[in-house]
Amino acid sequence: MIAPPSGVAGVLVTLALLASGSMGERERSLRLPNATYPLFYQLHISSDIHKGQLLFSGNATIDVAIRQSTNEIVLHAKNLTDIQITVHRLAAEGSVIVDDLTHTLHPTAALLIIHPTVNYQAFEEGQQYRLEILYTAIMTSRPAGLYYMDYRDEENNHTVYVAATQCEPTYGRLIFPCYDEPGFKSNFSIKITHGSSHSAISNMPVKEVLAHGDLKTTSFHTTPPISTYLVAFVISDFGSISETYRGITQSIYTSPTSKEKGQVALKNAVRTVAALEDYFGVSYPLPKLDHVALKKNYGAAMENWGLITYKEVNLLKNISSDGYKRKLDMITQNHEIAHQWFGNLVSPEWWTYTWMNEGFATYFSYVITDLIYPNEKMMDMFMTHEADSAYSYNSFFDVHPMSHYVEGEKDIMGVFDIISYKRAACVIKMFHHAFRQKLFVRGISHFLEKYRYSVANELNLFDALQSELQDDEYFSQQPWASRIREIMLSWTHSEWLPILVVTRNYENNTITFSQRSVHMKDELWWIPINFATTQSHNFEDTQVDMFMPPEPQYTVSLEDLKIQVSGRDWIMVNKQHTGFYLVRYDTDNLMAIARQLQTNHSVIHPINRLGLFRDLGPLIEHNEIEQVEVVFELLKYLEFEEDVLTWNQLQDTIDCLTRNLHGTSSQSLFNEFVRRLVGPTFRRVYVEHGVNLAEDGMSHGILEIACSADLPECLEYTRRLAKEHIIDKIYFKDGSDYHAIIDSVLCMGVRYLSDQDFQRIIDMMQEIDRGSVYYDDIIYALRCTQSHRHLLYYLEGLMGENSTHMVLSEFEDLMYLLYIYKSNLASRPVIWQYIERNYKVLCRAPNFMEHFKQLAGFVPRHQRSHFERLRQTIASHMMQEGLNSNQTLIEANSPLVGKKMKITENFQDKFEQQIHKWLLNELPQASSRSDVLLSASLSAANGSSRPQGVLKEATRVLRSALRIVDMYR
C-alpha cells in the first residue's frame, strides 16, 4: 500500500464551480495527461437507498503526486453535481495553503480540471496534493455507475431496494471523481453510510461498523493498488452463506429467501480459486471473495476484485438444474474468478490490451473447469461456444486486431467483443499448446508475479514467454526462439485469419506451405505447425514442430522435418486443431486421409476430424474444391462417426450441399446418402440413449441433419415432441438458450402434414389467443412445411389482404417473407406465386422495393423470363397507382437479378453430374427406391405457460438474422 503522508495539518480552501473557463473551452484529448498520479483514495458514499431514495452524496479525498510540473490536475467526473473542492499541498513539515485555484468541468470528455484562476505552472514536479471533493449524484436504473434495483419481500409484503456498482470500463467517473483509466492504480479506503436495515460489502473485508441513529457507516480495509474500473460495493439486505479454505473466505450473497440456491456456486468457487492458485503457482492475494446475485447486472457477471457481481440467473440454481445450463453458468463464474489474476492482479496498461484480460479469462476458465470436472468435457464446450464463433466472425464481419487502440467511451465499450474474448482465447490456446503447456504456464506465472499490483502491455507478456523459452533445453535450440515478440505480434496485430495451404510434392518429398488471409488482406503470420502421419500419429503431442515464417510461400523437405511417409500415406498438420487457422491439403493427401477414415477413423483425433470439415467448408461454399469426389469420400465414413461435435460441424457442409443440389436429379440420392450416414448416430443418441434435448444442448445438429434428410426415425421423434407440445402441453424449458432447440423440434415436427391435419391446426388456431406463446410457436413452425399447397395457404392466412392470422406488422411482413424464402427451399416457387397473387397489396409497403430487390437476387436462371413478366406487371401497377414514386423497382436486366444463385448454379454446372454418378455408384439400388416421408398426425389444443414465444423472439432478432443468412448465401 502507498500510505498517505502523516502529520499534515491542512488549511481547507473551498473552490467555486465555474460554468466555463479557458481550461475547459480548448479542445482536449480524451486521455488523461500523465503529469499527475493518484497515490491514495479515501472514498465515502452516503445513501438512503433503503428508503428508495436515488440521490447519494460522496466525499472523494485523493492524494495526488505531481510527476512533472503542470498548470492543472485533471480527473474524470461525469454527471456529478454540487461539486465543492478543497485543496492543500502536502509536506513533511505541514501544509501550504493553495488559495488561487478553481475548477472547470469539460462535459464532452467527462473531465474535472483543477487549475489556477490565472494561468501559471501551479503544480511543481515532486509535490503532493490532497484533493477533497464533495458532490452529489443520482443512481441510474441501468447497470452503469451506482445503480439501483428492487425486489418484492413477499413475507413482509414490501419492496426492498438494493444498490450496486458497475465501473467497467468507464463508469467509475459516474460514482466519484477519479483517474478513470486502467493504468492509474491506487489504494482505496472505502466507507459506506447506509440504512441500518441494510448492510454494505466492498472489495475488502469489513473493518468496522458504526451505528448512528437509523444509519450505519461500514468501513473497509484498504485495498491493494487497484484500477478504478474494479472498485465495487453493494448496499442490500442480502443474506449469505460462506466457506473458508486456505485462508480465503468465499461467500454467496442473495436475497434472504434464496440463500440455499447458492450452494452449488459456493462449492465451485472454493474449488476454482484453489485450482487456479495451484495451476499458476500464484496465490489469490485478498482475504475474501464475494459472489453477489443481483436482479440486474451489466452482462452475465462483473469481475470486481474481491466482489464479483452476477445476474442471479447465472449464479443461483437448484441442485437439480439441468446439466447444460449448469455448465454454462459454471464457465461464467470461473471466467470471473480467473479475472482475479488476469485483469485484477495485473491490469492492462490501456484498453488496447483488453484481450489480455478477456482472452486469458475466457480460455483458462475452460482449462481450469476441465481440470476440476474432467467428465464434463468442458473443452468440447470451448469448441462450440468460443472457437466456432471466433472462426465465423473472421469470415463475415468487420474486424480489428486484438491489440486495437481506442479512446472514446463508445469505442472503449466496442473492444469488449468477440475478438477480445473468443479470438484472443483461441490465439492463447494456440501458444499454450505450441510452447508446451507447462512451459507456457510458467511464463504466465512469472508475468503475473513480476507485474502484480501493477499494469502491463503485450510486450511485457511476450518477454516473459521469451525468457522461459530461452531457458528451455529444447526450445532454446530452435531458430525462432529469440523472436517471440515478432511471432506474437503477427497474431495480435493482424485483423483476419490465416489459411495455410499444405501441398506435397510426391516426387521430391517436399512440402510447400502457402499462407494468405481469409479475406485476401496483405497480412502474414508466424504460423506454428505440427505434424501427424500414417506412420506417426501421436495427436496428443501438440507442441510446435516448426514455424512457417511470415512469407507467402515456404518449402521444406520431409527429411529436414524428420518425417517418414510413403506416397499413399497421409500427413495432417495442426494436431487437435489447437492452431487458430484453416488448413487446406492437396487432393491426393485428402484422398489418403479419406482412406484412413474409411479404414479406421479413430486413428485420427476427433477434433482433427471435426477440423477437416471446418477447413473444407469455405471451399465447398465458394466452389473452390478441386475434385468434388474427395468431399464425398471424406463424408463416406460418417456412418461410423459417434462424435457429436463433428456432426455439429458437418451441419453447414451438408446444408450447403443440400442447397446446391436442390431441384437436381441428385437431390433424392443425396438425401438417401445422408440418411445412411446419420441414421446410426441418430438412433444411438436419440433412440437408444434417449438424450434430453433441453439439457444436452450439444447434439441438436444431428437432429437437424437427420430430419432435413427425411430420416423416418427423426421425423417420428420430432413429430412426437411437437405433439406433446401442441396437444399435451408438455412445454419446453424456458429461456433464450432453448429457442433454437424449440424451433428445430417444432419445425421438423410439422414438415409433412396431411391435408386433414394441416386444416385441423388451422381451424384450431381460430380459437387460440393470438397474444399467446402457443399461437406464436405454431405460426412460426408452420413455415417449415414442405407442401406447396400448405405453404401458399399459410402465407395467404398470415400476410394476405384478408389475413385471419395477422401477427406481423406491414414492415415485418416482407422481412418474414424473405426469411422464409432463404430458410425453406421448398417455399421458393410458392413465394413467387404468392407475390404474383398479392403484389397489389405488397407493393404498398414502404420497404417493398428493397425486399423485392433482395428476392430478385435469388431468381434462378430458368425462371428469369417469368420474373421479367412479373416485374413488368408490378412496375406498371405501381406507376398507374403512383406508388413509391421516389424509388425505382429493380430493372429486369440488373446484374443483381439472380446474383445470389450464381454460386449454386456454378456448382451444379461444375459438379452435379460428377456427384450424380458418384451417388449412383455408391447407392446402386437408389434408382428403384423412393424417399420415405412421414406425415405428422396432430390434433391440437390451446394454452401455454411459457412466458415468451418463438415468433416474438424471432421477430426481435429478424433484421440481424436476415443479414447473417444473406452472408451465408
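The rules behind these values
Residues numbered from 1 in each chain as written. Predicted model: local features only at pLDDT ≥ 70, side-chain atom pairs only at ≥ 80, totals over all residues. Heavy atoms only, no water. Helix = DSSP H or I, 4+ residues; strand = E, 2+ residues; numbered from the N terminus. Buried < 20%, exposed > 50% of the residue type's maximum accessible area, 1.4 Å probe, protein only. Areas by Shrake-Rupley, 256 points an atom, 1.4 Å probe, with all protein chains shown as cover. Core = buried A, V, L, I, M, F, W, Y, C linked by side-chain atoms within 4.5 Å. Domains from an automatic or database assignment. Contact = heavy atoms within 4.5 Å. Salt bridge = Lys/Arg side-chain N within 4 Å of Asp/Glu carboxyl O. pLDDT = per-residue confidence, 0-100. UniProt positions renumbered as here; feature names shortened; annotations may be inferred. Pairing = 2+ DSSP bridges. Axes fitted to C-alpha atoms, helices over the stretch in contact; angles between N-to-C directions. Polar contact = N/O pair within 3.5 Å; in protein donor to acceptor, adjacent residues only side chain to side chain. Disulfide = S-S within 2.5 Å. Parallel < 35°, antiparallel > 145°, perpendicular 65-115°, else oblique. Left-handed = near helix turned anticlockwise from the far one by under 90°. Phe/Tyr/Trp six-rings, centres within 6.5 Å; stacked < 30°, edge-to-face > 60°. Lys NZ or Arg CZ within 6 Å of the ring centre and 35° of its normal. Expected span 1.5 Å × (residues − 1).

## Looking at the overall build of the chain
A count of helical and extended segments in the chain gives 31 helices and 32 strands. Considering the chain as a whole, with its 969 residues, one finds that 59% of them fall into the buried category. Carbon and sulfur atoms form 48% of the exposed surface of the chain, whose accessible area is close to 38600 Å².

## A closer look at the nonpolar core
Of all hydrophobic cores here, the largest spans 238 residues; its most connected members are Phe 431, Phe 435 and Phe 632. Among the elements that make up this core, the one with the highest residue count is helix H5 (residues 354-372) (10 residues). Residues from two domains meet in this core; each of domain 1 (31-237) and domain 2 (346-493) gives at least three. Setting aside chain neighbours within four positions, we find Phe 632 in contact with Leu 657, Phe 670, Phe 673, Ile 915, Trp 918 and Leu 919. One finds Ile 762, Met 764, Ile 831 and Leu 855 within the second-largest nonpolar core, a separate group that totals 58 residues.

## Section: unusual backbone geometry
With an omega of -5°, the peptide bond running from Glu 168 to Pro 169 counts as cis. Examined against the element boundaries, Pro 169 turns out to sit in the loop between strand E12 (158-166) and strand E13 (187-195). Of note in this structure, Ala 110 is not a glycine but carries a positive phi near 55°. Its identity as a non-glycine residue notwithstanding, Asn 623 has a phi of 60°, on the positive side. Topologically, Asn 623 is positioned in the loop between helix H14 (606-621) and helix H15 (628-635). On the accessibility criterion, Asn 623 (12% relative accessible area) is buried.

## Details of the pattern of salt bridges
For the structure shown, the criterion picks out 38 salt bridges. Of the charged contacts, one joins Glu 922 and Arg 676 as a salt bridge, the two residues approaching to 2.8 Å between their closest N and O atoms. One end of the pair, Glu 922, is in helix H29 (residues 902-922); the other, Arg 676, is in helix H17 (residues 667-688), with 246 residues separating them in the sequence. Since its relative accessible area comes to 16%, Glu 922 is described here as buried. Of the residues examined, Arg 676 reaches a relative accessible area of 25% and is grouped as partly exposed. In this structure, Asp 755 and Arg 789 form a salt bridge, with 2.5 Å as the shortest nitrogen-oxygen distance. Of this pair, Asp 755 sits in helix H22 (residues 755-765) while Arg 789 sits in helix H24 (residues 788-799), and the two are 34 residues apart along the sequence.

## Some remarks on the confidence of the model for the chain
Across the chain, pLDDT averages 89, with 88% of residues at or above 70. Scored below 50 in pLDDT, residues 1-24 shows 64 contacts in the model against residues more than four places distant or in partner chains. Predicted confidence for residues 953-969 stays below pLDDT 50, and this span has 31 contacts to residues more than four positions away or in other chains.

## Describing the UniProt feature "site: Transition state stabilizer" (unreviewed entry) in the chain
UniProt feature "site: Transition state stabilizer" (unreviewed entry): in the numbering of this structure it lies at Tyr 421. Within the element layout of this structure, Tyr 421 appears in helix H8 (residues 418-434). Using a relative accessible area of 25% as the deciding quantity, one classes Tyr 421 as partly exposed. In this view, Tyr 421 contacts His 335, Glu 358, Gly 359, Thr 362 and Phe 416; residues no more than four positions away in its chain are not counted.

## As for the sheet that holds strand E32 (residues 582-585)
Taken in spatial order, the 4 strands of this open sheet run E30-E26-E25-E32, and their pairing is mixed. Every interior strand has two partners, whereas the edge strands, strand E30 (553-557) and E32, have only one. Each strand axis lies, on average, 20° off the axis of its neighbour in the sheet, ignoring direction. Pairing of strand E26 (residues 510-517) with E30, which is carried by 5 bridges, proceeds in the antiparallel orientation. For Thr 510, the partnering residue across the bridge sits in E30 and is Ser 557.

## Considerations on the side chain of Glu 468
The residue Glu 468 is located in helix H10 (residues 458-470) in this model. A distance of 3.3 Å separates polar atoms of two side chains, one belonging to Glu 468 and the other to Arg 442. There is a polar contact of 2.5 Å between the side chain of Glu 468 and the side chain of His 446.

## Thoughts on the state of the cysteines
Per the stated rule, a full pass over the model turns up 2 disulfides. Covalent S-S linkage joins Cys 707 and Cys 714, the inter-sulfur distance amounting to 2.0 Å. Classification of the bridge connecting Cys 707 and Cys 714 rests on its S-S torsion, roughly -100°, and on that basis the disulfide is left-handed. Covalent S-S linkage joins Cys 747 and Cys 784, the inter-sulfur distance amounting to 1.9 Å.

## Considerations on the packing of H8 against helix H9 (residues 437-450)
Remark: H8 packs on H9, axes separated minimally by 6 Å, with the N-to-C direction vectors making an angle of 115°. Between H8 and H9, the residues in contact are Ile 428, Phe 431, His 432 and His 433 and Gln 437, Phe 440 and Val 441, respectively.

## As for the sheet that holds strand E11 (residues 145-153)
An order of E11-E12-E17-E14 is seen for the 4 strands of this open sheet, with the pairing classed as antiparallel. Two strands close off the open sheet at either side, each with one partner strand: E11 and strand E14 (199-202). Each strand of the sheet is rotated relative to its neighbour by a mean of 15°, with strand direction disregarded. Sheet analysis places E11 next to E12, joined by 9 bridges and oriented antiparallel. Paired with Asp 150 across the two strands is Tyr 161, which belongs to E12.

## Digging into the pairing of strand E10 (residues 128-138)
If a strand is regular, its side chains alternate between the two faces of the sheet. Taken together, the 11 bridges between strand E4 (residues 55-66) and E10 define a ladder with antiparallel strand orientation. Paired with Leu 55 across the strands is Ile 138, a residue of E10. Bridge count for strand E6 (residues 81-91) against E10 is 8 bridges, and the pairing is antiparallel. Note on E10: the bridge partner recorded for Leu 90 is Gln 128.

## Structural notes on helix H19 (residues 700-708)
Counting buried residues along H19, 7 of its 9 residues qualify, which places the element largely inside the surrounding structure. Here H19 has its buried residues at Gly 701, Ile 702, Leu 703, Glu 704, Ile 705, Ala 706 and Cys 707.

## Quick notes on the packing of H17 against H29
The geometry of H17 relative to H29 is characterised by a closest axis approach of 10 Å and an angle of 50° between their N-to-C directions. On the basis of their axis angle, the class for H17 and H29 is oblique. Where H17 crosses over H29, the handedness of that crossing is left-handed. Contacts from Leu 669, Phe 670, Phe 673 and Arg 676 of H17 reach H29 at His 916, Trp 918, Leu 919, Leu 920 and Glu 922.

## Things to note about the packing of aromatic side chains
Both the distance between ring centres and the angle between the ring planes are used here to describe each pair of aromatic rings. In the structure shown here, the tally under the stated rule is 54 aromatic pairs. Every member of this aromatic cluster is reached through a ring pair, and the members are Phe 431, Phe 435, Tyr 474, Phe 475, Trp 480, Trp 491, Trp 525, Trp 526 and Phe 547. It is Lys 296 that lies over the ring of Tyr 148; its NZ or CZ is 5.3 Å from the centre. Over the ring of Tyr 780 we find Arg 783, and its NZ or CZ is 4.1 Å from the ring centre.

## Here we look at H8
Helix length check: H8, at 17 residues, gives a terminal C-alpha distance of 23 Å against a target of 24 Å (1.5 Å per residue), a fit within 8%. With respect to burial, H8 is a largely interior element, 15 of its 17 residues being buried. Of the residues one or two after H8, Arg 436 is the one with positive phi, at around 70°.

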